[in-house]
Structure formats: structure tokens, C-alpha cells
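What follows is each chain in one-letter form.
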Amino acid sequence: MEKRVRDEPHPRSLAAPTLAGLLSAGREEEENQGKGLIDIEVPKINCPDDIESATLEHQNSANISWEVPSASDNSGEEVSVQVSPAFTPPYLFPIGEVGITYTATDKSGNQASCTFSIKVIDLEPPVIDKCRSPPPIQVAEKEYRVTWDDPQFSDNSGAVSMVTKSHLPGDLFPKGETVVQYTATDSSGNNRTCEIHIVIRGSPCEIPFTPVNGDFICREDERGVNCTLRCMDGYDFTAGSEENYYCAYTDGLWIPPYSTEWPDCSLNRLANHGFKSFEMLYKATRCDDNNLLKNFVDAFQSALGKMVPTFCSDVDDIDCRLEDLPKKHCLEYNYDYENGFAIGAGGWGAANRLDYSYDDFLEAVPEDELPKPSSGSVDVVHSRVKRHKKISLPMSDHKIKLIFNITASVPLPDERNDTLELENQQRLLKTLETITNRLKRTLNKDPMYSFQFSSELLVADTNSLEAEKAFLFCRPGSVLRGRMCGKQNLDV
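Note that the structure is predicted; figures quoted are calculated from it, not measured.

Caption draft 1: Main features of the confidence of the model for the protein. In this model, the protein carries a mean pLDDT of 79, and residues with pLDDT of at least 70 account for 76%. Taken as a whole, residues 1-6 scores under 50 in pLDDT and shows 21 contacts with residues more than four places along the chain or in a different chain.

Caption draft 2: Inspection of the packing of aromatic side chains at higher detail. According to the stated counting rule, one finds 18 aromatic pairs in the structure shown. Judged by centre distance (5.7 Å) and plane angle (20°), the rings of phenylalanine 278 and phenylalanine 404 are stacked. You can see phenylalanine 278 sitting in strand E25 (residues 273-284) and its partner phenylalanine 404 sitting in strand E29 (residues 396-409), a full 126 residues away along the chain. Each of the two residues, phenylalanine 278 as well as phenylalanine 404, counts as buried. Taking 5.4 Å as the distance between ring centres and 75° as the angle between the ring planes, the aromatic pair formed by phenylalanine 296 and phenylalanine 451 counts as edge-to-face. Taken as a pair, phenylalanine 296 in helix H2 (residues 290-311) and phenylalanine 451 in strand E30 (residues 450-453) lie far apart in primary sequence, 155 residues in all. Classification of phenylalanine 296 by relative accessible area gives buried; the value is 0%.

Caption draft 3: Local environment of the sheet that holds strand E18 (residues 214-220). One open sheet holds the four strands; their spatial order is E18-E19-E21-E22, and the pairing between them is antiparallel. Either end of the sheet is taken by a strand with one partner, and the two such strands are E18 and strand E22 (254-255). With two bridges joining them, strand E21 (residues 244-248) and E22 adopt antiparallel strand pairing. Residue pairing in the sheet places tyrosine 246 in a bridge with isoleucine 255 of E22.

Caption draft 4: The state of the cysteines, seen in detail. Inspection of every chain in the model, using the stated rule, returns seven disulfides. At a sulfur-sulfur separation of 2.0 Å, the disulfide partner of cysteine 218 is cysteine 227. Taking the sign of the torsion about the S-S bond as the criterion, the disulfide between cysteine 218 and cysteine 227, at about 110°, is right-handed. Linked covalently through their sulfurs, cysteine 312 and cysteine 320 form a disulfide whose S-S length is 1.5 Å.

Caption draft 5: View of helix H4 (residues 418-443). Helix length check: H4, at 26 residues, gives a terminal C-alpha distance of 38 Å against a target of 38 Å (1.5 Å per residue), a fit within 8%. Maximal helix bending in H4 amounts to about 30°, located at threonine 436. Of the positions making up H4, those classed as buried are Glu421, Asn424, Gln425, Leu428, Leu429, Thr431, Leu432, Ile435, Thr436, Leu439, Thr442 and Leu443.

Caption draft 6: A look at the sheet that holds strand E16 (residues 176-185). With mixed pairing, the four strands of this open sheet are ordered in space as E11-E17-E16-E14. One side of each edge strand has no neighbouring strand; the edge strands of this open sheet are strand E11 (137-138) and strand E14 (162-165). Pairing geometry for E11 and strand E17 (residues 191-201), over two bridges, is parallel. By the bridge assignment for E17, glutamine 138 is matched with arginine 201.

Caption draft 7: Region of interest: unusual backbone geometry. That bond from proline 89 to proline 90 is cis: its omega, -10°, falls within 30 degrees of zero. Considering the arrangement of structural elements, one finds proline 90 in the loop between strand E6 (80-84) and strand E7 (91-94). Cis geometry marks the peptide bond from isoleucine 255 to proline 256, where omega comes out at -5°. Mapping proline 256 onto the fold places it in the loop between E22 and strand E23 (265-267). Even without a glycine there, the phi angle at leucine 325 is positive, about 55°. Structurally, the position occupied by leucine 325 is in the loop between strand E26 (319-322) and strand E27 (327-337). Exposure remark for leucine 325: the relative accessible area of 72% places this residue in the exposed category. At serine 454, a position not held by glycine, the phi torsion is positive, near 55°. Tracing the chain through its elements places serine 454 in the loop between E30 and strand E31 (456-467).

So, how was this worked out
- Residues numbered from 1 in each chain as written.
- Predicted model: local features only at pLDDT ≥ 70, side-chain atom pairs only at ≥ 80, totals over all residues.
- Heavy atoms only, no water.
- pLDDT = per-residue confidence, 0-100.
- Contact = heavy atoms within 4.5 Å.
- Phe/Tyr/Trp six-rings, centres within 6.5 Å; stacked < 30°, edge-to-face > 60°.
- Helix = DSSP H or I, 4+ residues; strand = E, 2+ residues; numbered from the N terminus.
- Buried < 20%, exposed > 50% of the residue type's maximum accessible area, 1.4 Å probe, protein only.
- Pairing = 2+ DSSP bridges.
- Disulfide = S-S within 2.5 Å.
- Expected span 1.5 Å × (residues − 1).
- Bend = angle between axes of the 7 residues up to and from the residue.

Below is the structure:
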């Protein structure tokens, strides 16, 4: 509000004087010498600037102070100052706006006035005094009518002007949770919202979720619910997850317990990876040296690893590789028995030296302690004992057995195509089966035929190569089910 100053001359002020009037006044002045001139100038007064203030906390008013204007006059005499309305600072003003006018009057009756405004604004939203949600409701119906108590609000201004609501008590609500909102607004436009939560639950043993790409097939009896997970065609439940679930009416708890990790059904794809396992012997004078074994395995893997990809080079989309870390075993062949020999596998040491034969027990009986045989058996008994006495120092040789896998893979099409994927899978297995002949030719020539480590020469026993049937496998995160790979539940 603009300050306003109003100048009001004394009512006795005259219009412009005439010559006759001046002469008359002159005579009067002469007659009344000692008297002063007439004052027609109004006083001077200035009001403070307009004031705006927020209400005190939780109250509907504000305590306002201001400086009372002072007035001055050309006469130098005291000036009377009046205020309307009659407010004296400090003053407690309610919410709203009011104008205050100060009027100054001098001794001659001349007046001047000014006005300023005081505005008290409300910035506080209403207060929620009561906002209670009803307890959860458990019903068999899909929808249910629910009632509750309306929320209660209050405001520092003294009253709430309007309350809006999203639902009414008695409305129908579906299963699940619905949020009902009440919004209270005061006269200054401040508002606050109360939320009431309506929760409708099904039966104690209601299925808590529907698996992706599948469903639960359930059967009820008087004690509870039995459910089995079923997946759509072309999908399978994640490996390691449960297929069967049970809930008893007595406690409403599922076994296994419900969690966000309950399984979904994953898309099955035909396996596009395969492997073939091989065994190979290398001759050595001894293999009890761990450093020798390690160096040999590293050299074997490095050399053969570079050659294996060429085994599949005639098939554009199939990739072949040597699997890392072949297994190694040290074998000792003992030839100190006329009736045969024994092999010790799995490393070096007395526990793995199997030097026995079917007639070992005879070595423990000295010749002179043997009983006299009957005439019909002399030659046989002495013949067997003499053979053992003729045996010289034991003879043996060592061989290193390597077990290694060659893997092959073929890319999957972007979209599932069972016909194409099956054709690729058959080509993959066929390629793995043909690797054996190529591997045998590779092992018959350098650098795979022999390996030299200091004074030790290891030579391939090419006739010892053995191969198992090619198998399919799935990459980590999936498991093989027949010819299909399904997603694995890694959280189990």
C-alpha cells in the first residue's frame, strides 16, 4: 500500500487579496501592531515502510513493532499526532492486512497525514490430528467393501476451509493394497495430506506370485494347498530351485518359505557346447620329479593349444579349443614277475608301487623248509620255486599319463530356432568325433612327439591314445537337461 500524505490548510485561509483588501489590511495592521502573520503551511510527517510478517508458530497472529512517525512545523511549535485505527506498537495483529494512518495538526489547525500497511501471512499447513488405517482384511472375495474413520485436521488459523478425499468409506476395494488420500487446505492455501492404507488379503494359503513364463498347478484339501511349478512349452524352471510347494491352513506359511527368489521359468536353448576327453601316455625314465611334470604339462598345453583350433578350421562357425590344465599321473610299470607285471598310478611313492603277483606268498617260505612232496609233484613244486630264485633285481619303467579335453562350440541364432539349433548341435558332435584321427596324426610328429627337459627325454606312446565319446555341456549359469540348457538358480 502506498504511503499517502495529505496537506489540509486551515479553513480560515483566504483567496488572493484585492487592492482594497490590502489597504484595509494595512490599516488593520497599523491598528494592531505587535500581532503576527497568519500560518497557512501544513506540518511535515513521514510513515514507516509497509510491513509483512508470518504468524508466530502454531498461532494465528504476529507481534509487530514499528517506529511511530514524528511531525514538525514551520512555526516551530509542538504538533499534535493522531493514529487511526488506534494501534500502539508493539501490537498483536491477526492474519490479514490493515492500513494505519497518522495525522499531524499544528496550532493553526493545518493538517498532514500518511498511511502504511501491516500484513500478517499464514505459512503453516494444517495439522493431522487423527489418521488411522483399518487393520488388514482377509477375505475370499476378489473385492470387498471397507469402512474406516475419517481423519481429523486442525489449523493455526482456527479452521480448515476444505478437505478433499480420493475414496469414501464403504467403497469396494480389490485384493492388495490401496492408498486412500485425504487433503486438508486452510484459507491461505496451505495443505497437508493424510494417507490411509487399505489392505485386502486372500486366503491364508493364496499363491503369493505368478512365475514368469509359467504357472502353479495347485490342489487343495482340508489341511492345506499343494502346488507344483509348471512351465510353458520351451521353458524350464531354473536349476536348483524347488518344483513343489505346500502351505498349511493352520499357519498360512509356505514350505519352502516365500521369498523374492522363488523361481521363474527360463527359456531353454539347445546346448551349443561340447567336449571330448582323451588319454595319452608319454614314456620317461622316471617321473617322480614334480618340476618335470609341471614343465611337461605346461609345454604340452602350449604346443597342443596352438594346434587344436586348426582341427575345426574346415567348419566356419565351429570353434575348437584345448581346455586348460590337463590332468597328469605318473605310472610305474614293474616287470619283476615272470607271470605278469603291475602298474601303480597316481604319483610316486611306496603306496603306489603295486609289485605283487598271485604266487607272492611262496617267497616268504625258505626252500629248505618246504615239505617233501610226493613223487608225482616234485617237478612242479621245485620248478615254481626255482623261477623265483632266478629273478634278479626288479626292472621297471615310467610313463606319464595325460588326461585332457578338447571343447567345441557353435553360435546360437539370435532368436530361438529348434530346427537350426538341432542341426548345429549334430554338426558340433560330429566335428568332435572326427578330431581323434587328426589328434593322432599330430601326436606322431614334432613338436608333440617328444619333449626334452635337461637330460630327460619324454616320447609319445602314440598307440596309447584313447578317446571317450563326445558329450554336450552348458556354460556356467545353465545346466544340461537332455540336449537343452536351462538357466541355473545361483542363489540356491
